[in-house]
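# Topology and contacts: notes
Take a look at the letters that make up each chain.
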Amino acid sequence: MIDEPLYPIAVLIDELKNEDIQLRLNSIRRLSTIARALGEERTRKELIPFLSENNDDDDEVLLAMAEELGVFIPYVGGVEHANVLLPPLETLCTVEETCVRDKAVESLCRIGAQMREQDLVEYFIPLVKRLAAGEWFTARVSSCGLFHIAYPSAPEALKTELRAIYSQLCQDDMPMVRRSAATNLGKFAATVEAPHLKVDIMSMFDDLTQDDQDSVRLLAVEGCAALGKLLEPQDCVAHILPVIVNFSQDKSWRVRYMVANQLYELCEAVGPEPTRSDLVPAYVRLLRDNEAEVRIAAAGKVTKFCRILNPELAIQHILPCVKELSTDSSQHVRSALASVIMGMAPVLGKDATIEQLLPIFLSLLKDEFPDVRLNIISKLDQVNQVIGIDLLSQSLLPAIVELAEDRHWRVRLAIIEYIPLLASQLGVGFFDDKLGALCMQWLKDKVYSIRDAAANNVKRLAEEFGPDWAMQHIVPQVLDMINNPHYLYRMTILHAISLLAPVMGSDITCSKLLPVVINASKDRVPNIKFNVAKVLQSLVPIVEQSVVEKTIRPCLVELSEDPDVDVRFFATQALESSNQVMMS
Amino acid sequence: MHGGDEVVAAPAGPPQPLDWKFSQVFGERIAGEEVQEVDIISAIEFDKTGDHLATGDRGGRVVLFERTDTKDHGVSRRDLERMDYPISRHPEFRYKTEFQSHEPEFDYLKSLEIEEKINKIRWCQTANSALFLLSTNDKTIKFWKVQEKKIKKISDMNLDPSKAVGNGSVASSSSPKPCLVNGSSFDGSYNNLSNDFFPPGGLPSLRLPVVVVTSQETNLVARCRRVYGHAHDYHINSISSNSDGETFISADDLRINLWNLEISSQSFNIVDVKPTNMEDLTEVITSAEFHPTHCNMLAYSSSKGSIRLIDLRQSALCDSHAKLFEEPEAPGSRSFFTEIIASISDIKFSKDGRHILSRDYMTLKLWDINMDSGPVATFQVHEYLRPKLCDLYENDSIFDKFECCLSGDGLRVATGSYSNLFRVCGCAPGSTESTTLEASKNPMRRQVQTPTRPSRPLSSITRVVRRGSETPGVDANGNSFDFTTKLLHLAWHPTENLIACAAANSLYMYYA
């Protein structure tokens, strides 16, 4: 029988085969503990073979096992024994569940990266070859992700063979295998020597780019950028550029969508000259694509793309498209454009921005969909830096006011979030005139979330402009509202007070805020009263000791004798906490 | 015995009519036995190899059958023939397993009962000898994996399992030291065992559990891998998996959604025919299927009798079709029933993807996807019912949804009818083959062979006499039909001439 101190570890081992999946999972997660208890030799000779046979377990357990084995080298006796870990992972590479296979491949790569060269040749490369020749597609899918580890240490003859095998995988019958080959081509290519790169890898790449399946071709798009960076610039222009241009006119919108998303990276790969001559036209086509999804992707990259062009090119080619997009029939396209277009201002410079971009901003600010307007407003700081706010402010205000009164509360909420940003950009003067009233209005909104956000907004404005300003422009107006006939609005004001107090400091809190709170303790609604108790509790650390003694505690004591049970509860709680503060 | 595989290369011309023979029946009805509603078969589907067959029923169960005659023979059929061995074998299936795919549910938000009835089954890519299939009821699609598991026994535990209470599991909560099991105190107890607690050679007294395979017996286990729900406001009428092995579609009356098999939390709406105002609704989707090889093409049929082919490459929302297949209405033939009987109940692509077979209430139509002016062939199935449309409307039979299927070689088509009959028609150019069979052990007993050219009314079926039926509808000529026994679901083996069809709760198979 097992000794007492070994009992937990014995349970752990037994639970590797428990019927309850949760217990098996727990044991697998503690595999390193089990391995240490067994010692390196028995781990190699018993535990690992045991795990190799444990391959028909639930996927959750297999996933955990695949992950644990990836960091198992220290427990089998170090790198010279790393090869014993390969068999269980090889089995996991063939299971049907994608996430288990992916994790097993990841772990194999991690182990392979540490293995000694001769072990790689002796164990790892044969494993890759076995998987690549697997009967089921699952094994072949997994093999694709291992070539970049196997290849560098292979002797010349084996290298040729590995390239040939990969090429076979690129033409596999199953689209899943071809997709995996396409996904991993970039990684594999990075390990292949330059001469082979130009011949072997490029021909595989060509196969993939002409695949019947859209799903394979669109993965090949991603490979373009990775491969392009590996090739000499002139080779890249000769081999990759035509492919990109072709892809940008592919029949499938999903492929074009992919190009629109990736084009920026592709430009980096081919360099500035071909970008100008070939990719700018391609990009312009994508911006004018028939499919809204493609235009959305392209519009979202407009700023990034302009940054790598010189301003003249951007003005000449891209800006006309941007103008069209700003009146696109799809609101999502306009919205995507609005979220990035402000970034174009620094690229184009002041003159071009005022002349060309400003009208677009203004039209987007009047867009019928609130998302578009919100996106413009959210990036206001970028354009402010270039042209200053004056030119914008005239159009800005109606847009803000309209959003502030939008009938969808989420839109109102979104604009409130931007008010502190706007305030800092527009400056105190503008804010006082136009926006101050709005901020107060939100405190009386019908929707709780808006009132809540409005209270927070008041606090952030006080932080932005300082206590003096707040004393003049916020506090009196807020405090006025404590007399609102509806108790929910009075509650909002209490909340605002508790937020404002730390910003305003002890003096103002005592002289202005506290009396209002104390007054509210005589409210007829219990909800107000117990919120008073909560607010008072939050004020205790802010105000001076004497004020607590003289004003806050008597009020709390009175509340703690209230007929309402909730009021008593919160008042007592506040009293106790004030005691603790005083003691410390 | 007729020619088997070794049909002498016939000179160009229509293939010989097939001689159908009864092969097997599962769940045969004993005389007088009442069929339970839940046992009625509602879906049939062969997998890609034809080695497996799945049926679904109204009780939400999926039953799998597997082929036995090819598997357990070391020698291939062709070899046997070469050895001049008489081929006495015909395709044979055996019951493999069954599982409960769907359960009845209740949608509390809409106060709607959701039936467990399986509307469609589709097989997915096989991997590692595990079978995968999709099954759907009106609302929820499920992805199933069916796999053999060896029966194993665990022995040689560290702790004597007999001392523990419960199913021999040491770690059950009833173990003598519950606080040590899998709880926080347990974690703590061996976290205290610091590195130096374990001697370098390990602790020899610890043993790994030994797994013993007790017998060659295996257990078939069906596990639901993913549930794709909450994506359909209306009833799902079709699911179809894509040739890319990664996606599938599901269609309801007004929308078609595209899913990734691995992602059950979101789908993309690719077709939406819902008008802004539901009063403007004139047409609903009745069936949808992916092209067998082109991953970007799919076809869907409508209640107005049209088939639309769409190209997923064109646009994200494929409301505009790439091709429309419609037969122009014959002038002057319009009646109250015109639209009802034009509604297509099922469409199927041929194996090569060149043709689409559609079934409406009266006919089977074969379309060439390169010709949208009209069908290349029309086979009358229910022409004899035309005078009775009023009755059929009264008893709702006119809304019965008959399925259709094509043979793997694309030379023949089949569909079901009333009185448990089904028709097989030759669709090769020049073929006049047209056979009516009954789903019973003697399929040819009522058969009257009257070779007719397609497109001409077939009168043979009207001469069928139904004996001993409870509610015979007798027409003026004394012929009767039984509208309660209808053969809605049938499937053709992908490579051989084998038809599986469902008559109520029974699954009949015929070969030729």
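None of the values given here were measured: they were computed from a predicted structure. (Residues numbered from 1 in each chain as written. Chains lettered and ligands numbered in written order. Predicted model: local features only at pLDDT ≥ 70, side-chain atom pairs only at ≥ 80, totals over all residues. Heavy atoms only, no water.)

## Quick word on the overall build of chain B
Counting its regular elements, chain B contains four helices and 32 strands. Counting every position in chain B, which comprises 512 residues, the buried fraction comes to 51%. For chain B, contacts bridging at least 24 residues in sequence account for 56% of all contacts bridging at least 6. Carbon and sulfur atoms form 51% of the exposed surface of chain B, whose accessible area is close to 24000 Å². (Helix = DSSP H or I, 4+ residues; strand = E, 2+ residues; numbered from the N terminus. Buried < 20%, exposed > 50% of the residue type's maximum accessible area, 1.4 Å probe, protein only. Contact = heavy atoms within 4.5 Å. Areas by Shrake-Rupley, 256 points an atom, 1.4 Å probe, with all protein chains shown as cover.)

## Observations regarding the interface of chain A and chain B
In this complex, chain A contributes 60 residues to the contact, which on the side of chain B involves 63 residues. With both chains or domains summed, chain A and chain B bury close to 5200 Å², and 54% of this area falls on carbon and sulfur atoms. Area buried by chain A at its contact with chain B is led by A:Tyr7, A:Asp14 and A:Glu96, which between them contribute 13% of it. Our enumeration of links across chain A and chain B arrives at six salt bridges. Here A:Asp59 and B:Arg225 are joined by a salt bridge, their closest N and O atoms 2.1 Å apart. At the boundary of chain A with chain B, the tally comes to 16 residue pairs in polar contact (both at pLDDT 80 or more). Looking at the side of chain A that touches chain B element by element, the count peaks at eight residues for helix α1 (residues 7-14) of chain A. For the side of chain A that touches chain B, the per-class residue count stands at 24 nonpolar, eleven polar and 25 charged. (Buried area = accessible area lost by both parts, 1.4 Å probe. Salt bridge = Lys/Arg side-chain N within 4 Å of Asp/Glu carboxyl O. Polar contact = N/O pair within 3.5 Å; in protein donor to acceptor, adjacent residues only side chain to side chain. Nonpolar A, V, L, I, M, F, W, Y, C, P; charged D, E, K, R; others polar.)

## Thoughts on the sheet that holds strand β21 (residues 355-360) of chain B
All names here are of chain B. With respect to topology, four strands assemble into an open sheet ordered β20-β21-β22-β23, the strand pairing being antiparallel. Looking at the sheet topology across the chains shown, the edges are occupied by β20 (344-349) and β23 (377-380). For this sheet, the mean angle separating the axes of adjacent strands, direction not counted, is 15°. Here five bridges tie β21 to strand β22 (residues 363-368), and the two strands are oriented antiparallel to one another. Among the inter-strand pairings, Leu-357 is bridged to a residue of β22, identified as Leu-366. (Pairing = 2+ DSSP bridges. Axes fitted to C-alpha atoms, helices over the stretch in contact; angles between N-to-C directions.)

## A word on the packing of helix α29 (residues 487-504) of chain A against helix α30 (residues 506-520) of chain A
Residues and elements named next belong to chain A. At their nearest, the axes of α29 and α30 sit 9 Å apart, and the two run at 165° to each other. When the axes of α29 and α30 are compared, the pair comes out roughly antiparallel. For the pair α29 and α30, the crossing hand works out as left-handed. Along its contact with α29, which presents Leu-494, Ile-497, Ala-501 and Met-504, the element α30 presents Ser-506, Ile-508, Thr-509, Leu-513, Val-516, Val-517 and Ala-520. Here the contact of α29 with α30 is built from residues that sort into nine nonpolar, two polar and no charged. (Parallel < 35°, antiparallel > 145°, perpendicular 65-115°, else oblique. Left-handed = near helix turned anticlockwise from the far one by under 90°.)

## Notes on the pairing of strand β16 (residues 285-290) of chain B
Residues and elements named next belong to chain B. Most of β16 is tucked away, with six of its six residues classed as buried. Judged from the five bridges that link them, β16 and strand β17 (residues 297-302) form a sheet pairing that is antiparallel. Bridge pairing links Glu-289 to Ala-299 in β17. Count of turn residues in the β16/β17 antiparallel hairpin: six residues.

## Side note on helix α17 (residues 272-287) of chain A
Residues and elements named next belong to chain A. The largest bend along α17 measures about 45° and falls at Leu-279, with the proline Pro-281 one to four residues further on. Along α17, the positions that sit buried rather than exposed are Pro-274, Thr-275, Leu-279, Val-280, Ala-282, Tyr-283, Val-284, Leu-286 and Leu-287. Looking at the buried side of α17, the elements it contacts are α15 (233-247), α16 (253-270), α18 (292-299), α19 (302-308) and α20 (311-325). (Bend = angle between axes of the 7 residues up to and from the residue.)

## Quick notes on the pattern of salt bridges
Residue and element names in this part refer to chain A. Applying the stated rule across the entire model yields 55 salt bridges over all chains. Close ionic contact of Arg-42 with Glu-46 constitutes a salt bridge, the shortest N to O distance being 2.9 Å. Within this pair, Arg-42 and its partner Glu-46 are both found in helix α4 (residues 40-53), separated by four residues, close to a single helical turn. When the shortest N-O distance is used, the salt bridge between Asp-523 and Arg-490 registers 2.9 Å. Placement of the pair is Asp-523 in the loop between α30 and α31 (526-539) and Arg-490 in helix α29, with a sequence separation of 33 residues.

## Here's the deal with the sheet that holds strand β2 (residues 41-46) of chain B
Residues and elements named next belong to chain B. Taken in spatial order, the four strands line up as β2-β3-β4-β5 in an open sheet, and their pairing is antiparallel. Pairing within the sheet leaves two strands with one partner each, and these edge strands are β2 and β5 (93-100). Each strand axis lies, on average, 20° off the axis of its neighbour in the sheet, ignoring direction.

## Observations concerning the side chain of B:Ser42
Locating B:Ser42 in the fold gives a position in strand β2. Setting aside chain neighbours within four positions, we find B:Ser42 in contact with B:Gly56, B:Asp57, B:Arg58, B:Lys117, B:Ile118, B:Asn119 and B:His489.

## As for helix α33 (residues 565-583) of chain A
Residue and element names in this part refer to chain A. Between its first and last C-alpha atoms α33 spans 27 Å; for 19 residues at 1.5 Å apiece the expected length is 27 Å, and the two agree. Within α33 the residues assigned to the buried category are Val-567, Phe-570, Ala-571, Ala-574, Leu-575, Ser-577 and Ser-578. Looking at the packing, one finds that the buried side of α33 touches α31 and α32 (545-559). Sitting at the head of α33, Asp-564 places a side-chain oxygen 2.9 Å from the backbone nitrogen of Asp-566. (Expected span 1.5 Å × (residues − 1).)

## Details of the environment of A:Gln382
Residue and element names in this part refer to chain A. Relative to the helices and strands, Gln-382 is located in helix α24 (residues 380-387). Gln-382 sits 195 residues away from Ser-577 along the chain, and the two C-alpha atoms are 46 Å apart. Not counting the four nearest positions on each side in its chain, Gln-382 is found in contact with Met-342, Gly-343 and Pro-346.

## A closer look at the pairing of β17(B)
A regular strand places its side chains so that they alternate between the two faces of the sheet. Residues and elements named next belong to chain B. Counting buried residues along β17, six of its six residues qualify, which places the element largely inside the surrounding structure. The alternating pattern of β17 places Met-297, Ala-299 and Ser-301 and Leu-298, Tyr-300 and Ser-302 on opposite faces, both of which are buried. Sheet analysis places β17 next to strand β18 (residues 307-311), joined by five bridges and oriented antiparallel. Across the sheet, the residue bridging to Ala-299 is Leu-309, located in β18. The turn joining β17 and β18, which pair antiparallel and follow one another in sequence, is formed by four residues; a positive phi near 90° is taken by Gly-305.

## Notes on the confidence of the model for chain B
Residues and elements named next belong to chain B. Per-residue confidence for chain B gives a mean pLDDT of 81; residues scoring 70 or more make up 79%. For the stretch residues 1-10, pLDDT sits under 50, and the model shows eight contacts to residues farther than four places along the chain or on other chains. Below pLDDT 50 for its whole length, residues 448-479 participates in 57 contacts with residues either more than four positions away or in separate chains. For this predicted complex, the interface score ipTM comes out at 0.79, while the overall pTM is 0.81. (pLDDT = per-residue confidence, 0-100.)

## Focus: the packing of aromatic side chains
Under the definition given, this model contains 32 aromatic pairs over all chains. Centroid distance B:Phe65 to B:Tyr95: 6.4 Å. Interplanar angle 80°. Geometry classified as edge-to-face. Of this pair, B:Phe65 sits in strand β4 (residues 61-67) while B:Tyr95 sits in strand β5; the two residues are 30 residues apart in sequence, bridging distant segments of the chain. Ring geometry for B:Phe106 against B:Tyr108: centres 5.0 Å apart, planes inclined by 65°, an arrangement best described as edge-to-face. By relative accessible area, which is 36% here, B:Phe106 ends up partly exposed. The exposure class assigned to B:Tyr108 is exposed, which follows from its relative accessible area of 68%. Taken together through their ring pairs, the aromatic side chains of A:Phe147, A:Tyr151, A:Tyr166 and A:Phe188 make up a single cluster. Of note, A:Lys534 hangs over the ring of A:Phe570, and the distance from its end group to the ring centre comes to 4.8 Å. (Phe/Tyr/Trp six-rings, centres within 6.5 Å; stacked < 30°, edge-to-face > 60°. Lys NZ or Arg CZ within 6 Å of the ring centre and 35° of its normal.)

## What about the environment of B:Val25?
All names here are of chain B. Along the chain, the position of Val-25 falls in strand β1 (residues 21-26). Expressed as a C-alpha distance, the spacing of Val-25 and Ala-439, which sit 414 residues apart in the sequence, is 9.3 Å. The residues contacting Val-25, other than those within four sequence positions of it, are Lys-441, Ser-506, Leu-507 and Tyr-508.

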